[in-house]
Amino acid sequence: MPANRSVLLLTVCALLFALGSPVFAQLDPDAPPTDDLDYAEIQLRIAAMLPAQPDLLKFSPLYTFRFVDWPDGIGNLAARYEEAFKGYSLKTSNNKVLLLDKSGRTIFACDSEKKRQTMLATDYQNKGLQLDDFAPMHKSGLAIADNSKNALLFFEDNKFVRQVGFDGNRILFRHISFVEPDRLGLNVAVYDSGRDKTFVFDASGRQQWELAGTAEPCFFGNSLLRLVKHDTKLEIQRFSDILKTPDNIGNYSCNQGNIILDAWIAGTFGGQLAMVVYEGRGDEDHPDYARLLLLKDRQIKTHRFIPNLDSRLSLVTPYRLLITRSGVQLISARITEQGLEIVAAPVPYR
């Protein structure tokens, strides 16, 4: 592979010295799904229950990370279940869509405006690292979660900087579920599900603070966020190193007769917090339109769209915000025959 300074090669040699070597059970009572019900069939049934309406957010294809041989694309063995499905991690950085192909140990970036794909980092050839999640940091830095080492690895200018996993008194991580940078890439949030703790580190790997319990993979200024899901209500809480007791910054209640199935934070823009909520009409077997919630100054504005139920992906955050010169877009992903397709819908401004 040609040398390229923009590509961070995570080789074993570079690390030796430093490291010391929801498909729903039933969508329609009159037509229960079968064991081989696939994504296309599920979406057809969803479309029958949730017809298109003029006010719905409309998603259209943005880019496809193709199933082709490395280094040009992502592997399709895992996507087709010919081997264990290690999955993907989807993120954005301004106008770029970032995708970690876990089975290929490679992070790809796509410029959403030029539709040009590049390689951000890889350990495909050496296979010395297990890339479980990643966070793009300040000045081309990168933080990588490696659960085989129970560690968080930091890189700057294509060079390994620090391994974080032991603070001198204790092992910090048992299983890292996600790592997420703030908007400027100056800090990174890490949730360890093994110890049920959330940590914040700076871009060089120095711990800033920690808190018991989980957070959403999103910074809101200097704060982190937590979604508390009740049957029919969603609480949005904020906490930080100074504000250890969570502060409620907003509440959302379902339409009458609906329940909350799931909810995620997609990102922030212009002082607004964007969240996606999946609802069911009384139970999970009868999904309703998904909601995009825009929270600002404790006020919530709601937009609806048809939910994407490609449960094969199991993304920590299935929806992200993409910020371009033409505006803000809500993006998601689905598996197609050609590859992992990114779809996008314009986000209305308040």
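What you see is a predicted model, and the numbers here were worked out from it, not measured in a lab.

**Q** Whenever I open this one, the pairing of strand β11 (residues 176–181) confuses me. Can you help?
**A** Along any regular strand the residues' side chains alternate between the sheet's two faces. Within β11, five of the six residues are buried, leaving the element largely enclosed by the surrounding structure. Note: β11 against strand β12 (residues 187–192), five bridges, orientation antiparallel. Bridging from a neighbouring strand, E180 pairs with A189 of β12. Hairpin connection between β11 and β12: a loop of five residues separates the two successive antiparallel strands, and G185 in this loop has a positive phi of roughly 70°.

**Q** Would you explain the environment of Y88 in this entry?
**A** Looking at where Y88 falls in the secondary structure, it is placed in strand β3 (residues 88–93). The buried category is assigned to Y88, whose relative accessible area is 4%. With 11 residues separating them along the chain, Y88 and L99 place their C-alpha atoms 6.7 Å apart.

**Q** Please clarify how the sheet that holds strand β24 (residues 327–335) should be interpreted in this entry.
**A** Neighbouring strands of a sheet are bound in pairs by backbone hydrogen bonds; such pairs are parallel or else antiparallel. The four strands lie next to each other as β2-β25-β24-β23, forming an open sheet whose pairing is antiparallel. Pairing within the sheet leaves two strands with one partner each, and these edge strands are β2 (60–66) and β23 (320–324). Within this sheet the neighbouring strands show an average axis-to-axis angle of 35°, counted without direction. By the bridge criterion, five bridges tie β23 to β24 in an arrangement that is antiparallel. The residue bridging R320 from the neighbouring strand is I331, located in β24.

**Q** In this structure, what is going on with the pattern of salt bridges? I would like to understand it.
**A** Side chains that carry opposite charge are capable of pairing whenever their charged atoms lie near each other. Taken as a whole and assessed by the stated rule, the structure comprises 17 salt bridges. Ionic pairing is found between E113 and R325, a salt bridge with its closest N-O pair at 3.1 Å. Placement of the pair is E113 in the loop between β5 (106–111) and β6 (116–122) and R325 in the loop between β23 and β24, with a sequence separation of 212 residues. A salt bridge links R320 to E180, with the shortest nitrogen-to-oxygen separation between them at 2.6 Å. Here R320 is found in strand β23, whereas its partner E180 is found in strand β11, with 140 residues between them in sequence. A cluster of three or more residues bridged by salt bridges with shared partners is formed by K91, D133, E180 and R320.

**Q** Any chance you could explain the packing of aromatic side chains here in plain terms?
**A** Two aromatic rings, taken as a pair, are described by how far apart their centres are and by the angle between their planes. Considering all chains together, one arrives at 14 aromatic pairs under this definition. Taking the centre distance of 5.7 Å and the plane angle of 70° together, the rings of F155 and F160 count as edge-to-face. Here the two residues F155 and F160 agree in accessibility, since each one is buried. Three or more aromatic residues link up through ring pairs in this structure, and these residues are F59, W264, Y278, F305 and Y319. Its end group placed over the ring of F134, K91 keeps NZ or CZ at 5.4 Å from the ring centre. The ring of Y289 carries R304 above its face, with NZ or CZ at 4.6 Å from the centroid.

**Q** Help me understand the sheet that holds strand β7 (residues 133–137), please; the structure alone is not making it clear to me.
**A** With antiparallel pairing, the four strands of this open sheet are ordered in space as β7-β8-β9-β10. Each end of this open sheet is capped by a strand with a single partner; those strands are β7 and β10 (159–164). With direction set aside, neighbouring strand axes in the sheet form an average angle of 20°. Sheet topology note: the strand β8 (residues 141–146)/strand β9 (residues 151–156) ladder contains five bridges and is antiparallel.

**Q** Any chance you could explain unusual backbone geometry here in plain terms?
**A** Glycine aside, residues mostly have negative phi, and peptide bonds are mostly found in the trans state. The amide bond that connects W70 to the next residue, P71, takes the cis arrangement and shows omega of 15°. Checked against the element boundaries, P71 lands in the loop between β2 and β3. For R105, which is not glycine, the phi dihedral falls at a positive 50°. Structurally, the position occupied by R105 is in the loop between β4 (96–101) and β5. The phi angle at K115 is positive, at roughly 55°, despite the residue not being glycine. You can see K115 is positioned in the loop between β5 and β6.

**Q** How do you make sense of the nonpolar core when you look at a structure like this?
**A** One recurring pattern in soluble globular proteins: nonpolar side chains tend to sit buried together. With 23 residues, the main nonpolar core has V276, L292, F305, Y319, L321, L330 and V347 as its most contacted residues. Elements with a contribution of two residues or more to this core: α2 (39–49), β19 (259–269), β20 (272–280), β21 (290–296) and β24. For V347, the contacting residues outside a window of four places in its chain are F269, L292, L294, L321, V328, Q329 and L330. Ranked by size, the runner-up nonpolar core spans 22 residues in total, among them W70, L99, I331 and I342.

Rules used in this analysis
For every chain, the first residue of the written sequence is number 1, and numbering continues from 1 along that sequence. Totals for whole chains, interfaces and linings use every residue, but because this is a predicted model, local features are given only for residues with pLDDT of at least 70 and side-chain atom pairs only at 80 or more, for both listing and counting. As a convention, hydrogens and water are excluded, and side-chain values are obtained from all of the structure's heavy atoms. The classification of residues rests on relative accessible area computed with a 1.4 Å probe and restricted to protein chains. Under 20% of the type maximum is buried, over 50% is exposed, and intermediate values are partly exposed. Each helix corresponds to a stretch of at least 4 residues labelled H or I by DSSP, and each strand to a stretch of at least 2 residues labelled E; elements are numbered beginning at the N terminus. Paired strands, in this sense, are two strands between which DSSP finds at least two bridges. Inter-axis angles, ranging from 0 to 180 degrees, are taken between N-to-C directions of lines fitted to C-alpha atoms, where helices are fitted over the stretch in contact. Only one rule defines a salt bridge in this text: a Lys or Arg side-chain nitrogen within 4 Å of an Asp or Glu carboxyl oxygen. Side-chain rings of Phe, Tyr and Trp, where Trp is taken by its six-membered ring, are said to pair if the distance between their centres is within 6.5 Å; with planes under 30 degrees apart they count as stacked, over 60 as edge-to-face, and otherwise as tilted. The rule is short: NZ of Lys or CZ of Arg within 6 Å of the ring centre and within 35 degrees of the ring normal puts a charge over the ring. Nine residue types can take part in a nonpolar core, namely buried Ala, Val, Leu, Ile, Met, Phe, Trp, Tyr and Cys, and a core is a set of them joined through side-chain atoms within 4.5 Å. Note on definitions: a residue-residue contact is assigned when non-hydrogen atoms from the two residues lie within 4.5 Å.

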